[in-house]
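# Structure assessment
Here are the chains, one letter per residue:
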Amino acid sequence: MKMFKRLIFVPVLVVALTISIWANAFAADEIKIGVIGPMKFVQGISHWNGAVMAADEINARGGVKVGNKMMKIKLIQADSNEFLSITDATNAMERLITKDKVHFVVGGFRTEAVMAMQDIAMHQKVIFIGCGAAHDELCNRVAKYYDQYKYFFRGTPFNSTNLVRAAFIHVGTVAEVIKKELDIKGPIKVAFVAEKAQWADAMVPAVQATLPKMGMELVGVWRPSPVATDVTAELAGIQRTGAHLIFTVFSSSVGIPFARQAGELKVPAIQVGINVEASKDDFWKATRGQGNYVVISATYARDVECNELTKPFVEGYLKRFGEMPTYTAGTYESIKMSLVDTIEMIGTLDPDKIVEALENRVYKTPPSTIMYVKDNLGRHTHDIRFGPGYATGLAVQWQDGKLVGVWPNGWKPAPGVEVTYKGMKPIKLPPWMYQAYKKK
Amino acid sequence: MSIVLDIIISGVISGSIYALLAIGFSLIFGVARIVNIAHTAFYMVAAYCIYAVTNYLGWPAVPAMFIAVIFSVILGMVTYKLLLNPIREHEGAVLIATIAIAMIFEQVMSLIFTGTFLSVPKLVEDYFTIFGVKVFYQQLLTLGAALAIMLVLLLFLFKTKLGLAVRSTAQDREVANLMGINESFVAMITMGISVGLAAITGAIVVPLTILEPHMWTPPLIMMMAVVVLGGLGSLKGSFVGAYILGFAEAIVVFAFPMGAFLKGSVALSIMILVLIIRPEGLFGVYFEEER
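Residues numbered from 1 in each chain as written. Chains lettered and ligands numbered in written order. Predicted model: local features only at pLDDT ≥ 70, side-chain atom pairs only at ≥ 80, totals over all residues.

## Comments concerning the overall build of chain A
Looking only at helices and strands, chain A has 16 helices and 18 strands in total. Taking 440 residues into account, the globule formula puts the C-alpha radius of gyration at 22 Å, and chain A, at 24 Å, falls close to it. Across its three principal axes, chain A shows a C-alpha extent of roughly 100 × 50 × 40 Å. Of the contacts formed within chain A by residues at least 6 apart in sequence, a portion of 70% connects residues at least 24 apart. (Helix = DSSP H or I, 4+ residues; strand = E, 2+ residues; numbered from the N terminus. Rg over C-alpha atoms; globule rule 2.2 N^0.38 Å. Contact = placed C-beta atoms within 7 Å.)

Laid out in structure tokens, this is it:
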């Protein structure tokens, strides 16, 4: 019996070892990229879709040329569940790095979770490209503790400070349209509505200080809960102030009932600002079409081309997934343009060499041209440059079921500089604003 | 003056929504001593059911609403029979079981419909203006439904044999049993009515808001606050408590727009204040006598 067991055991062991060595040999020809995000939600789904598109395109052309060797991309999905649990997010990151042994990680959405995940990736010296969280601190850490955090890069969107800067530009642009179209003589009245969240708190003093300087009147500040489902009371208050423009700052679900109820109640003011939910295709359905005329900051819009890479990406994404990409689909350029192009350029997977090469690159991606900036002290931040010729983002407006680009359209950021992306359309005011202001 | 009108209208509407939810919750607690944390999860199930019927089958909103209410009632009664009845004697276990049921429903909805925000059509579209305040017809419907349901429920409890059995069971389960009332059956029927009320609330309220798998938690907190404020198990208390908290929320939003996010916290603070003065809630004792 003993002899029989040995006879069975030895060949099984040999076969197992052979398979293992064979599998490892194949694995050695793979670049493993972890894609982390809230996979049950649109943000995570877009993370995954963008990454899949990049990996398929790269593998279809034979893979990544690392020195003399061609390596295929293998994606590993990790559900961070970060909307509900930061611990789940850190566990997912830990698993990607220690169990799945990924070379790189892309994704992340919620700042609090991304900061925790960032710590894990940095500890393991794994390059992590953030594709969702906007908080400045993610890159401030790189500047302050470079040796520890240098493996983190911002992919998308640009940081909170620049998101606010862009939102003010959009508000100013729409205010000009209101003045012209409705023949408003005095200052444009603005109601500021920001969800009660830490990232939006700093915007209240900024709005109070900046709007008067822009020639506008701030008529009130409302701070609903990020998960409020009924904002009719807030809207009644706003309507009583006679606001022409509602400056919104929403990253959570409140953006849907606010837009829907404002549309249903025909509040005679146009919504402009940040509303993450409104950047998704589902927004039209979720608001049952009442989100018409909402203007928001976004990364992509139908038929808008920031450069020659925009159209092929957007059309390819639409064809494959049947919806417009949201900004978290920036995993596409993070993998294809940031990581793979750099690896092929330097011919190695060494994270330190990739970091060094990335810091010095200026390259095009579908939504912008990326250049990593240094802070005032000349320290690397791995944050992306905002401004004409680099990342500007778009202002888009819901017009009859479609998100169309409305800015930059003749934007003059400096004397002699004018920026207009291909495919821009004029801003439309809601018809009930014309009715309210007696002009048809 | 205008702000007072805003507060009155907004408070009445919010109060009606809370009343609809709290009455059902109170009813099952009063009769079966079940603290049904899953109450608002049934509200969520009904809302998703309406979404599925209107979107996937293309049916109009009214039949979808009926299907949702019937489905939720059956689900509630089956849940009671299979999961809650066997452990009814252990109140702690029942409490934990209802939390688990709510979380299961949440996960199931999340799996079927993902975390995407969805919406359902209104039963009555458009709005009207009263003293310069715009009010949705759907909100008016909510107010009417809250009043009508309260009336129907009172008629059922005080004018029917089954209502008498429900009240008897609520008063003393053992004596009711000795008198020939099948108290387990009565509890199951009450569970059906309670869940039915949650489903009706879902059907009426959800067109004003959005569907997502966590939508059951915010109303749960306010509903429990209403019930505790009014007195656990008291229908009258739930009704009055709902309007008190509805008005408290409206005052916060209109008087302190910068603190609109605090409306829930202020309402809960009022509940705590009332409980310090009157630990049994506003109508806790009186209802015991009514029963």
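## Description of the domain arrangement of chain A
Residues and elements named next belong to chain A. Domains assigned within chain A are domain 1 (10-157 + 308-367) and domain 2 (161-298 + 393-436). Once you take the C-alpha centre of each, domain 1 and domain 2 turn out to be 33 Å apart. With nine residues of domain 1 at the interface, the matching set in domain 2 holds eight residues. Looking at the side of domain 1 that touches domain 2 residue by residue, the class counts come to four nonpolar, three polar and two charged. (Domains from an automatic or database assignment. Nonpolar A, V, L, I, M, F, W, Y, C, P; charged D, E, K, R; others polar.)

## A short note on the pairing of strand β11 (residues 295-298) of chain A
Residue and element names in this part refer to chain A. Going residue by residue along β11, you find V295 and S297 tucked away on one face and I296 and A298 tucked away on the opposite face as well. Pairing geometry for strand β10 (residues 270-275) and β11, over two bridges, is parallel. Within the sheet, the bridge partner assigned to G273 lies in β11 and is I296. Inspection of the sheet shows β11 paired to strand β15 (residues 394-399) by four bridges, in the antiparallel sense. Within β15, the residue paired with I296 across the bridge is V396. (Buried ≥ 20, exposed ≤ 12 C-beta atoms within 10 Å, placed from the backbone. Pairing = 2+ DSSP bridges.)

## What to know about the nonpolar core
Of all hydrophobic cores here, the largest spans 242 residues; its most connected members are A:A51, A:L245, B:A46, B:I50 and B:A199. If you tally residues by element for this core, the top one is helix α1 (residues 2-32) of chain B, at 16 residues. Per-domain counts for this core show at least three residues from each of domain 1 (10-157 + 308-367) and domain 2 (161-298 + 393-436) of chain A. In this view, B:I50 contacts B:A64, B:M65, B:A68, B:V120, B:A203 and B:V206; residues no more than four positions away in its chain are not counted. (Core = buried A, V, L, I, M, F, W, Y, C linked by C-beta atoms within 7 Å.)

## A word on the sheet that holds β11(A)
Residues and elements named next belong to chain A. Ordered by their spatial adjacency, seven strands build an open sheet running β8-β7-β9-β10-β11-β15-β16, and the pairing between neighbours is mixed. Of all strands in the sheet, those with a lone pairing partner are β8 (216-222) and β16 (402-407), marking the two edges. If you compare each strand with its neighbour and ignore which way they point, the axes differ by 30 degrees on average. Note that β15 and β16 share five bridges and pair antiparallel. Residue pairing across strands places V396 opposite G405, the latter belonging to β16. Against the sheet, helix α11 (residues 255-264) makes contact with β7 (188-194), β9 (245-250) and β10, and its axis sits at roughly 170 degrees relative to β10, the strand it touches most. (Axes fitted to C-alpha atoms, helices over the stretch in contact; angles between N-to-C directions.)

## Focus on the interface of chain A and chain B
If you look at the interface, chain A gives 29 residues, while chain B gives 28 residues. For the side of chain A that touches chain B, the secondary structure elements donating two or more residues are β8, α10 (232-241), α11 and α12 (282-286) of chain A. With six residues, α10(A) is the largest single contributor of residues to the side of chain A that touches chain B. Among the residues making up the side of chain A that touches chain B, the classes are represented as twelve nonpolar, seven polar and ten charged.

## Focus: unusual backbone geometry
When glycine is set aside, most residues are seen to have a negative phi, and most peptide bonds are trans. Residue and element names in this part refer to chain A. A cis amide bond, omega -5 degrees, links T156 with the succeeding residue P157. Positionally, P157 belongs in the loop between β6 (152-156) and α7 (160-182). Backbone geometry places R288, a non-glycine residue, at a positive phi of 50 degrees. Secondary-structure assignment places R288 in the loop between α12 and β11. With phi around 75 degrees, Y293 is a residue other than glycine that occupies positive phi space. Tracing the chain through its elements places Y293 in the loop between α12 and β11.

## Remarks on the sheet that holds strand β4 (residues 104-107) of chain A
In any sheet, the strands associate via hydrogen bonds between backbone groups, in a parallel or an antiparallel arrangement. Residues and elements named next belong to chain A. Here six strands make up an open sheet; going across it, the order is β2-β3-β1-β4-β5-β6 and the pairing mixed. Here the strands that pair on one side only, and so sit at the sheet edges, are β2 (64-66) and β6. Across the sheet, the axes of successive neighbouring strands diverge by a mean angle of 30 degrees, strand direction being ignored. Across the face of the sheet, helix α3 (residues 86-99) comes into contact with β1 (30-37), β3 (69-79) and β4 while running at roughly 155 degrees to β3.

## Description of the pairing of strand β5 (residues 127-131) of chain A
All names here are of chain A. Burial within β5 is extensive, with five of its five residues counted as buried. Along β5, one buried face is formed by I127, I129 and C131 and the opposite face, lined by F128 and G130, is buried too. Bridging between β4 and β5 involves four bridges; their strand directions are parallel. Within the sheet, the bridge partner assigned to V106 lies in β5 and is I129. The parallel pair β4 and β5, bridged by helix α4 (residues 111-123), forms a crossover whose chirality is right-handed. Examined bridge by bridge, β5 and β6 share four bridges and lie parallel to one another. Across the sheet, residue I129 finds its bridge partner in β6, namely F153. (Right-handed = clockwise from strand over helix to strand, strands pointing away.)

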